Amino acid sequence: MMVRVTIKGFVDMLPLNLAVIPWGILCGSLAIQRDFSVLEALLMPLLVFAGAAQLVATELIASNASLATVLFTVFIISSRHFLYGLALRDKLKKLPLPKRLSIAFVLTDELFALSAGKKSLRGKLRITYGLAAGISFYLGWLIWNIIGIVAGSYLPDLTSLGLDFAIAATFIALVIPTITTVPVLVTVIVASILSVVFKLWHWQLDLVAAAIVAMVCGYLCLQVQTKFAVIDKRQGSIS
Amino acid sequence: MTLLTILLMTCITFTTRYLFLHPSLPIKLSPQISSLLSFSAPAVLTAIWVPIILVQENKLVTSITDPYLVAATIAIFVSIITKSVYWTVGTGVLAFTVVRYVI
């Protein structure tokens, strides 16, 4: 059973692995093109293991930005993970330390999206499944980066090719099918509008700010819905 | 120097992922907060992909023939119909390539 669950987790992550091929190759090749050594370029996906943070940090380091600037920027870009940790806290905090550390290490946007369901990551089997999916994505990311590192100097500058569209398409594929209730629809609409507005305003915390306000709107909408459902029920029982 | 930067970056990305999973952190999530957090996936993921489509070079996209906009619209419809990640990403990327490089 464990083996089957592991394989399923691995396989279920494959479409997301494929979707980040261009993005991973871009990250690897950009590091080489910006004069990182092979070791440094390898350590980025191996240890930092992040998409946007890796890419932005590579550009910043190459342009001789100060250490504080690089670290602060990485912190801002990564701060959305705090929300993932909070959302998964009750499910994961009781796991033994090695498992908790492993899941945290592979906790990407993609893994969070895959395990945002109510049932997911509950119980031993689902934890194994999630861990397998996370590791699958880690290995995929590593391979695409290595291809980029090897091909690095032969490739043209890929940053202007529009490779980020594949990322957007992945998230469309992950979000749209989950819009099954009005509160989730409200969340998505508010997040869409605010993320664009904040981005145009050049807010550093644009993503997280937009997401938090959107979550509150979705939550309030759910409260209103529940309230009306209660009133409806009462009126129903009177008449 | 770059090596040190990479190691420190590793600490940051890992800490943001691990911090709230640490059991002895004095945080108890009330049912209200848990309910609020259940909206985090659609909220965060949407706040990532919508600006990729609609904001280019610090400007709002206004052209309805923009490849990002056209391909995203197609991807959304494919996603509603098929609910499949493969179909959505495949059709979306194909549409994007066609609009951007062929038309």
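Cut-offs applied
- Residues numbered from 1 in each chain as written.
- Chains lettered and ligands numbered in written order.
- Predicted model: local features only at pLDDT ≥ 70, side-chain atom pairs only at ≥ 80, totals over all residues.
- Helix = DSSP H or I, 4+ residues; strand = E, 2+ residues; numbered from the N terminus.
- Buried ≥ 20, exposed ≤ 12 C-beta atoms within 10 Å, placed from the backbone.
- Contact = placed C-beta atoms within 7 Å.
- Rg over C-alpha atoms; globule rule 2.2 N^0.38 Å.
- Domains from an automatic or database assignment.
- Nonpolar A, V, L, I, M, F, W, Y, C, P; charged D, E, K, R; others polar.
- Axes fitted to C-alpha atoms, helices over the stretch in contact; angles between N-to-C directions.
- Parallel < 35°, antiparallel > 145°, perpendicular 65-115°, else oblique.
- Left-handed = near helix turned anticlockwise from the far one by under 90°.
- Core = buried A, V, L, I, M, F, W, Y, C linked by C-beta atoms within 7 Å.
- Arc of directions from axis to C-beta.

(A) How the structure looks around the overall build of chain A. When you go through chain A residue by residue, the secondary structure sums to 13 helices and 0 strands. Within chain A, buried positions represent 46% of all 239 residues. The long-range share in chain A, meaning contacts at least 24 apart out of those at least 6 apart in sequence, stands at 72%.

(B) Here's a closer look at the overall build of chain B. The number of helices and strands found in chain B is 5 helices and 2 strands. Ordering the α and β elements of chain B from the N terminus gives α-α-α-β-β-α-α. Here the C-alpha radius of gyration of chain B, 20 Å, is well above what a compact globule of 103 residues would show, namely 13 Å. Summarising its shape, the C-alpha atoms of chain B cover approximately 55 × 45 × 30 Å along the three principal directions. In chain B, which comprises 103 residues, the proportion classed as buried is 45%.

(C) Broad picture of the environment of tyrosine 129 of chain A. All names here are of chain A. In this structure, tyrosine 129 sits in helix H10 (residues 123-151). Among the residues examined, tyrosine 129 registers 25 C-beta atoms within 10 Å and is labelled buried. In this structure tyrosine 129 touches Val5, Lys8 and Gly9, once residues within four positions along its chain are discounted.

(D) Focus on the domain arrangement of chain A. Residue and element names in this part refer to chain A. Once the domains are mapped, chain A shows domain 1 (2-174) and domain 2 (179-231). Look at where the C-alpha atoms of domain 1 and domain 2 centre, and you get two points 25 Å apart. For the side of domain 1 that touches domain 2, the per-class residue count stands at 2 nonpolar, 1 polar and 1 charged.

(E) Here's a closer look at the packing of helix H12 (residues 182-200) of chain A against helix H3 (residues 40-54) of chain B. Running from N to C, H12 of chain A and H3 of chain B cross one another at 45°; their axes reach a closest spacing of 8 Å. Between H12 of chain A and H3 of chain B, the angle is such that the two are oblique. Between H12 of chain A and H3 of chain B the crossing geometry is right-handed. Across the interface between the two elements, Val184, Thr187, Val188, Ala191, Ser192, Ser195, Val196 and Lys199 of chain A of H12 of chain A pack against Pro42, Ala43, Thr46, Ala47, Val50, Pro51 and Leu54 of chain B of H3 of chain B. Considering only residue class, the contact of H12 of chain A with H3 of chain B consists of 10 nonpolar, 4 polar and 1 charged.

(F) Structural context of the environment of isoleucine 12 of chain B. Turning to its location among the elements, isoleucine 12 of chain B is positioned in helix H1 (residues 2-18). Owing to 24 C-beta atoms within 10 Å, isoleucine 12 of chain B belongs among the buried residues under this scheme.

(G) Structural detail: the nonpolar core. Counting residues in hydrophobic clusters, the biggest one holds 105 residues, and the most contacted among them are Ala168 and Ala211 of chain A. Mapped onto the domain boundaries, this core takes at least three residues apiece from domain 1 (2-174) and domain 2 (179-231) of chain A. Setting aside residues no more than four positions away along its own chain, alanine 211 of chain A makes contact with Arg80, Leu83 and Ala191 of chain A together with Ser40, Ala43, Val44 and Ala47 of chain B.

(H) Broad picture of the environment of tyrosine 138 of chain A. Residue and element names in this part refer to chain A. Relative to the helices and strands, tyrosine 138 is located in helix H10. Sequence separation between tyrosine 138 and isoleucine 127 is 11 residues; the distance between their C-alpha atoms is 16 Å. The residues touching tyrosine 138, leaving out its near neighbours within four places in the chain, are Phe49 and Val106.

(I) Up close: helix H5 (residues 52-62) of chain A. Restricting attention to buried positions, one finds in H5 of chain A the residues Ala53, Gln54, Ala57, Thr58 and Ile61 of chain A. Along H5 of chain A, the residues classed as buried sweep out an arc of 130° about the axis, all on the same side. Structurally, H5 of chain A contributes buried residues whose contacts are with helix H3 (21-33), helix H4 (38-48) and helix H6 (67-78) of chain A together with H1 of chain B. Following H5 of chain A by one or two positions, asparagine 64 of chain A has its phi on the positive side, about 60°.

(J) Representation of the interface of chain A and chain B. The interface of chain A with chain B comprises 77 residues on the first partner and 56 residues on the second. The biggest single contributor to the side of chain A that touches chain B is helix H11 (residues 164-175) of chain A, with 12 residues. Considered class by class, the residues forming the side of chain A that touches chain B number 56 nonpolar, 11 polar and 10 charged.

(K) Molecular detail of the packing of H3 of chain A against H5 of chain A. Residue and element names in this part refer to chain A. Contact geometry of H3 with H5 gives a least axis separation of 10 Å together with a crossing angle of 15°. Between H3 and H5, the angle is such that the two are roughly parallel. Crossing of H3 over H5 shows left-handed handedness. Seen from H3, the contacting residues are Cys27, Leu30 and Ala31; seen from H5, they are Gln54, Leu55 and Thr58. A per-class count over the contact of H3 with H5 returns 4 nonpolar, 2 polar and no charged.

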